[in-house]
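Coordinates in review
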Amino acid sequence: MEKLKFKSRWGFIIACVGSAVGMANVWGFPYKVGANGGGAFLLCYLLFIMIFSYTGLSSEYAIGRRAKTGTLGAYQYAWKTKNKEKIGKIIGWIPLIGTMTIAIGYSVIISYVFKALVDSLSGMLMTANPEQWFASFAFKNYSVIPYHIFVVIFTMITVLFGVRSIEKTNKIIMPLFFILFLILAIRVFFMPNAIEGYKFMFTPDWKHLINPMTWIWAMGQAFFSLSITGSGMIVYGSYLGEEVDILNGAKNTALFDTLAALVAALVMIPAAFAFNLDQSSGPGLLFNTLPKVLQNIHLGRIFAVILYTAVLFGGVSSMQNMLEAVTESITYKIKGANRKLVLLLLCIVVLSVGVFMEPIAETKGAILGGWGPWMDLVSIYVIPMGAAMGAFSWFWVWKKEEIIEEINKGSSKKIGKLWYFVGRWIYTPLAIILCLIALIYKISF
């Protein structure tokens, strides 16, 4: 049976943007900008986005298209070129399991978002004390189960029919995401003192540029935001036709992903400045800070619905990629496995494990103490390790001639030595350095 592919170049790009755009953009990027010097962090972040999309993202697309399969098959293929196929078969499971752990954690935070949307629609969020409202479910076991079930089932339905289903849903979800956030950004622009937020975002505080941690946080955020985990983007690459320009696709994915992060920051940071609130409060920015803003503006309830709908869309589109990556690899490994059954079983795992980590902080009976510690585990170990493992496999194991040949398929402008040099000697060392720093200092990205 012929492998399904994206119907169009735009369909591929928008699906990849959907995977990249998620919690990392919506609250991760704004609060890290807020905590790391505003414009200084932005400059570092943009530099890493350019390097990582140019080499890291494009190489994951390339190995997927070359191997014509996702994570497990891609690592096996790359290591086979060095007669080390057994190593590839083993290490491919590590980023794949990592993708599954990310999906489990994501399902919880998206459940929070869906609850916020429902409470915005009912009007409850407009009258409640934000801290008490958030604590009423974020610090209790089994507090968002109905929302959790809906999120997992909704995501499963959008993934059910494979790449065409993902492509079609993202053609709706992603434009709506940008439109809704642009509406919010325009509304925030007219808030008093919002100009201070723009100054903070776009005026570098140069002392932060000599702080190594600004660069470390920016590097980790760039990996997380682009979904370079050594797994997820590989499967989308496997659905590419040979006529597609991979480098151009990586560039456009990075462009729209960065725009998503910026438009989210243009909502959250100026709004925080307008109401003299903490712009570096992590998840609290989305569930404590912004509700305070929404309660104090004209038509706040409508804007709350718009905000949480947009965030919900971004989260679901990211989960699509995670579930598709794991589903594809299992059906590749187990010949004859029923795709729909595999997806159903994976969703059952996501839900059954996820309900035990619904509280955000340490709670008796919650796995690892809750969602926060679980996602710390993911961002400290899973994402940096997957990125490093993938970078090493593509630029130090896979044959140079093959990767360059694959990158050049469909490209009007051929690349070679410079691209490979950047990938081998800049991108790969950065990925390994990030992994080591995260492991040694237990830095959560």
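Predicted model only: the values in this text are computed from it and were never measured.

**Observations regarding the overall build of the chain**
Helix and strand counts for the chain stand at 20 helices and zero strands. A compact globule built from 445 residues would reach a C-alpha radius of gyration of about 22 Å, and the chain, at 21 Å, matches this within 12%. Put simply, the chain has 445 residues, and 64% of those count as buried. A fraction of 82% describes how many contacts in the chain between residues 6 or more apart in sequence connect residues 24 or more apart. Across the chain, the 37 positively charged side chains and the 22 negatively charged ones have centroids separated by 4 Å.

**Here's the deal with unusual backbone geometry**
At K68, a residue that is not glycine, the phi angle is positive and equals roughly 60°. Assignment of secondary structure puts K68 in the loop between α3 (39-67) and α4 (71-80). Of note in this structure, N83 is not a glycine but carries a positive phi near 60°. Of the residues examined, N83 reaches a relative accessible area of 73% and is grouped as exposed.

**A closer look at empty space enclosed by the protein**
Applying the stated rule across the entire model yields three cavities of 30 Å³ or more. Considering only enclosed or pocket space, the largest cavity measures out at about 150 Å³ in volume. Lining the largest cavity we find 15 residues, and of these S19, I102, S227, T229 and M322 sit closest to its centre. Among the secondary structure elements, those contributing two or more residues to the lining of the largest cavity are α1 (9-20), α6 (93-122) and α16 (300-333). There is about 70 Å³ of room inside the second largest cavity. Residue lining of the second largest cavity: L184, R187, V188, M191, V267, A271, L290, V293, L294, I297 and L307, and that is the complete set. When residues of the lining of the second largest cavity are traced back to their parent elements, those giving at least two are α10 (163-189), α14 (246-274) and α15 (284-295). Taken together, the residues of the lining of the second largest cavity sort by class into 10 nonpolar, no polar and one charged.

Parameters and conventions
- Residues numbered from 1 in each chain as written.
- Predicted model: local features only at pLDDT ≥ 70, side-chain atom pairs only at ≥ 80, totals over all residues.
- Heavy atoms only, no water.
- Helix = DSSP H or I, 4+ residues; strand = E, 2+ residues; numbered from the N terminus.
- Rg over C-alpha atoms; globule rule 2.2 N^0.38 Å.
- Buried < 20%, exposed > 50% of the residue type's maximum accessible area, 1.4 Å probe, protein only.
- Contact = heavy atoms within 4.5 Å.
- Lys, Arg positive; Asp, Glu negative; His and termini not counted.
- Charge placed at Lys NZ, Arg CZ, Asp CG, Glu CD.
- 1 Å grid on protein atoms, 1.4 Å probe; cavity = no way out; pocket = protein on both sides within 12 Å on 5 of 7 lines; lining within 4 Å.
- Points joined across faces, edges and corners; volume = space filled by probe spheres on them.
- Nonpolar A, V, L, I, M, F, W, Y, C, P; charged D, E, K, R; others polar.

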